[in-house]
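If you want the building blocks of each chain, they are given just below.
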Amino acid sequence: QVQQLSVRRAMQFDHIVIATSDLVNAAHRLSENTGLTALEGGVHDSLGTYNYIVPLGRGYLELVGVHDDVLANRNPFGQLVLSALARNSESFAGWAVEVTFDQLTATAHRLATKIRRLTRRGVGIDYAGMETSTTSPGLPFLLTRYPGVPHPGHLDVDHDVSLLGDISLQIAESAAQLDHWIDGIGCDSALDIEVRSHGSGQGINRVCIGTSTGPIV
């Protein structure tokens, strides 16, 4: 039975990671099939991965490829992407929610996990929980962004469709698993997104983005 819940906590939806074995081709196909434009990001510092960004205003899609398997195997983000690619040549690798650094620290302590850093050209995020997301991609990893750095979701971009700001996820993990994973982060005002849970396994089954011409699934 599908369970429905809204994420209304001290966090906001940040982005969805899509792993692909052919990054440039994936960006072109996304544009042709959906009207969404992917902007070239670049190489992550010492992670063996590189990306394209699809700004959505309210969060973004991150298309990620691997350029060095050895480096990627040495860090949680690279492992997240490689794990997804082991399932399929193009696959939802995971998703992220943004929290404050205090909330990130408290949650990392509660979950007995480390805070790590991911950068591109020296600028990036601190994150926690990606190891869990690697084995259970429907559970989001948590991040906090460097102060004063523009959010990738707000980058200037010329899409061929108009976005409505509606994003929803369908995950295989149960509502109880998700609730337990994000429990204790806090209760500040935040963006909320719809998350539907099957409770039948692990992973992101479906992503839906609302546009003026209909939903992109």
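Anyway, here's the lowdown on the structure attached to this text. Chains are numbered independently. Their residues run from 1 in the order of the written sequence. A pLDDT threshold of at least 70 governs which residues receive local features in this predicted model, and a stricter bar of 80 or more applies before side-chain atom pairs are shown or counted, although totals over entire chains, interfaces and linings include all residues. Only hydrogens and water are set aside when side-chain values are computed; all heavy atoms of the structure are taken into account.

We count a salt bridge whenever a side-chain nitrogen from Lys or Arg sits within 4 Å of a carboxyl oxygen from Asp or Glu. Counted according to the given criterion, the structure contains five salt bridges. Where Arg 29 meets Glu 90, a salt bridge forms, and the shortest distance between an N and an O atom there is 2.6 Å. Highlighted residues: Arg 29 in helix H1 (residues 23-34) and Glu 90 in strand E6 (residues 90-98), separated in sequence by 61 residues. For every residue, the accessible area (1.4 Å probe, protein chains only) is compared with the maximum for its type, and the residue is labelled buried under 20%, exposed over 50%, or partly exposed between those bounds. Given the relative accessible area of 31%, Arg 29 is considered partly exposed. Measuring nitrogen to oxygen at the nearest pair gives 2.7 Å for the salt bridge that ties Asp 126 to Arg 117. Elements are defined by DSSP. Helices are runs of H or I of four residues or more, strands are runs of E of two residues or more, and each kind is numbered from the N terminus.

The subject of this paragraph is the environment of Tyr 52. With respect to the helices, strands and loops of the structure, Tyr 52 is situated in strand E4 (residues 49-55). Overall, the relative accessible area of 13% leaves Tyr 52 in the buried class. Spatially, the C-alpha atom of Tyr 52 lies 7.1 Å from that of Gly 42, the residues being ten residues apart in sequence. In what follows, a contact means two residues having at least one pair of non-hydrogen atoms within 4.5 Å. Residues contacting Tyr 52, with those up to four places away along its chain left out, are Leu 23, Val 24, Ala 27, Ala 38, Leu 39, Glu 40, Gly 41, Leu 61, Glu 62 and Leu 63.

For the rest of this paragraph, the subject is the nonpolar core. Throughout, nonpolar core names a set of buried Ala, Val, Leu, Ile, Met, Phe, Trp, Tyr and Cys residues whose side chains join them through atoms within 4.5 Å. By size, the foremost hydrophobic cluster in this structure holds 34 residues, and its most contacted members are Ile 16, Leu 36, Leu 63 and Trp 95. In terms of nonpolar packing, the next biggest core, distinct from the first, is built from 19 residues, Val 66, Leu 82, Ala 93 and Leu 118 among them.

To continue, consider the sheet that holds strand E8 (residues 123-128). Only strands joined by at least two bridges in the DSSP assignment are considered to pair. Across the sheet, which stays open at both edges, the eight strands sit in the order E3-E4-E5-E2-E6-E9-E8-E7 with mixed pairing between neighbours. The open sheet terminates on both sides in strands that have one partner only, identified here as strand E3 (39-43) and strand E7 (116-120). Here the strands of the sheet are splayed against their neighbours by 30 degrees on average, with no regard to which way each runs. Pairing of E8 with strand E9 (residues 141-145), which is carried by four bridges, proceeds in the antiparallel orientation. Here, axes are lines fitted to C-alpha atoms. For helices the fit covers the stretch in contact, and angles between N-to-C directions go from 0 to 180 degrees.

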